Amino acid sequence: MQIILYEDKNFQGLHYDCVNDCPNMNSYIRRCNSVRVISGSWIVYERTNYKGYQYFLKRGEYPDFQDWMGFNDSIRSCIAIPQYKGSYRLRLYERNNFGGKMLEAVDDCASVFDCFNHHDIQSCNVFEGYWIFYELPNYKGRQYCLRPGEYRRFSDWGALNARVGSFKKITELL
């Protein structure tokens, strides 16, 4: 697993070569305008300690922060997504603490409203696999990476509101 984060666009300026999770990049780079993912898949975060906006990056080159749908040039922490070859399963709930109407999924969903007839997801249980929630339909907007575990309220996966427009499995790991 390797990711290289550059201060300037087009892979210029100071850079940080990262091979492990990093909770605080402040001592390595001041900003991040381009990224090369050499191997693996990563979630990069706007703030330290895996907080703020999240972006999923698979192997490839991102010469400008807008290429990964970034809202700004601030990347302060990152997590490597471990290789996963098992099955995928999650449950979405309309209320906190796994209450109300429930939708179980094992595959991608381009429109939560079309599948669930509901826009807001208050809680979620990820049984298997790694998933990305998108704030808007068709895999657009803010992204949130979910690992296996219980998310009793939307803030547990880092969201500012309960809007989930679409979601997909993280399957591209190399």
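1. Concerning the overall build of the protein
Right, on to step 1. Secondary structure assignment for the protein yields one helix and 14 strands.
Right, on to step 2. The C-alpha atoms of the protein give a radius of gyration of 16 Å, which matches the 16 Å a tight globule of 174 residues would have.
Right, on to step 3. Dimensions along the principal axes, computed over C-alpha positions, put the protein at roughly 50 × 30 × 25 Å.
Right, on to step 4. For the protein, buried positions account for 46% of its 174 residues.
Right, on to step 5. Expressed as a percentage of contacts within the protein between residues at least 6 apart in sequence, the contacts between residues at least 24 apart total 68%.

2. Comments concerning the sheet that holds strand 10 (residues 123-128)
Right, on to step 1. Pairing is antiparallel across the open sheet formed by four strands, whose spatial order is 9-8-10-13. The open sheet has two free edges, formed respectively by strand 9 (99-105) and strand 13 (149-151), since each of these has just one partner strand. In this sheet, neighbouring strand axes are inclined to one another by 15 degrees on average, regardless of whether the strands run parallel or antiparallel.
Right, on to step 2. In terms of strand pairing, strand 10 meets strand 13 through three bridges, oriented antiparallel. In the sheet register, Val 126 faces strand 13, and the bridge partner there is Gly 149.

3. Focus on the pattern of salt bridges
Right, on to step 1. Inspection of the entire model under this criterion finds 12 salt bridges.
Right, on to step 2. Close ionic contact of Arg 163 with Asp 120 constitutes a salt bridge, the shortest N to O distance being 3.5 Å. In this pair, Arg 163 is assigned in the loop between strand 13 and strand 14 (166-169) and Asp 120 in the loop between helix 1 (112-116) and strand 10, connecting sequence segments 43 residues apart.
Right, on to step 3. Between Asp 156 and Arg 153 there is a salt bridge, with its nearest N and O atoms 3.7 Å apart.

4. Here's the deal with the environment of Asp 120
Right, on to step 1. Classification of Asp 120 as partly exposed rests on a relative accessible area of 30%.
Right, on to step 2. On a C-alpha basis, the gap between Asp 120 and Asn 96 in space is 11 Å, while along the polypeptide they are 24 residues apart.
Right, on to step 3. Residues contacting Asp 120, with those up to four places away along its chain left out, are Glu 94, Ala 162 and Arg 163.

5. Topic: the sheet that holds strand 2 (residues 12-18)
Right, on to step 1. In spatial order, the strands read 2-1-3-6; together these four strands make up an open sheet with antiparallel pairing. One side of each edge strand has no neighbouring strand; the edge strands of this open sheet are strand 2 and strand 6 (60-62). Taken pair by pair, the neighbouring strands of this sheet meet at an average axis angle of 15 degrees, ignoring direction.
Right, on to step 2. Pairing geometry for strand 1 (residues 2-8) and strand 2, over five bridges, is antiparallel. Within strand 2, the position partnered with Ile 3 by the bridge is Cys 18.

6. A short note on the packing of aromatic side chains
Right, on to step 1. For the structure on display, the rule yields 12 aromatic pairs.
Right, on to step 2. Arranged with centres 5.6 Å apart and planes meeting at 75 degrees, the rings of Tyr 6 and Phe 11 form a pair that is edge-to-face.
Right, on to step 3. Look at Tyr 6 and you get buried, because its relative accessible area is 8%.
Right, on to step 4. Note on Phe 11: relative accessible area 14%, which makes it buried.
Right, on to step 5. Where Tyr 84 meets Tyr 130, the ring centres are 5.9 Å apart and the plane angle is 70 degrees; that geometry is what we call edge-to-face.

Procedures and definitions
Residues numbered from 1 in each chain as written. Predicted model: local features only at pLDDT ≥ 70, side-chain atom pairs only at ≥ 80, totals over all residues. Heavy atoms only, no water. Helix = DSSP H or I, 4+ residues; strand = E, 2+ residues; numbered from the N terminus. Rg over C-alpha atoms; globule rule 2.2 N^0.38 Å. Buried < 20%, exposed > 50% of the residue type's maximum accessible area, 1.4 Å probe, protein only. Contact = heavy atoms within 4.5 Å. Pairing = 2+ DSSP bridges. Axes fitted to C-alpha atoms, helices over the stretch in contact; angles between N-to-C directions. Salt bridge = Lys/Arg side-chain N within 4 Å of Asp/Glu carboxyl O. Phe/Tyr/Trp six-rings, centres within 6.5 Å; stacked < 30°, edge-to-face > 60°.

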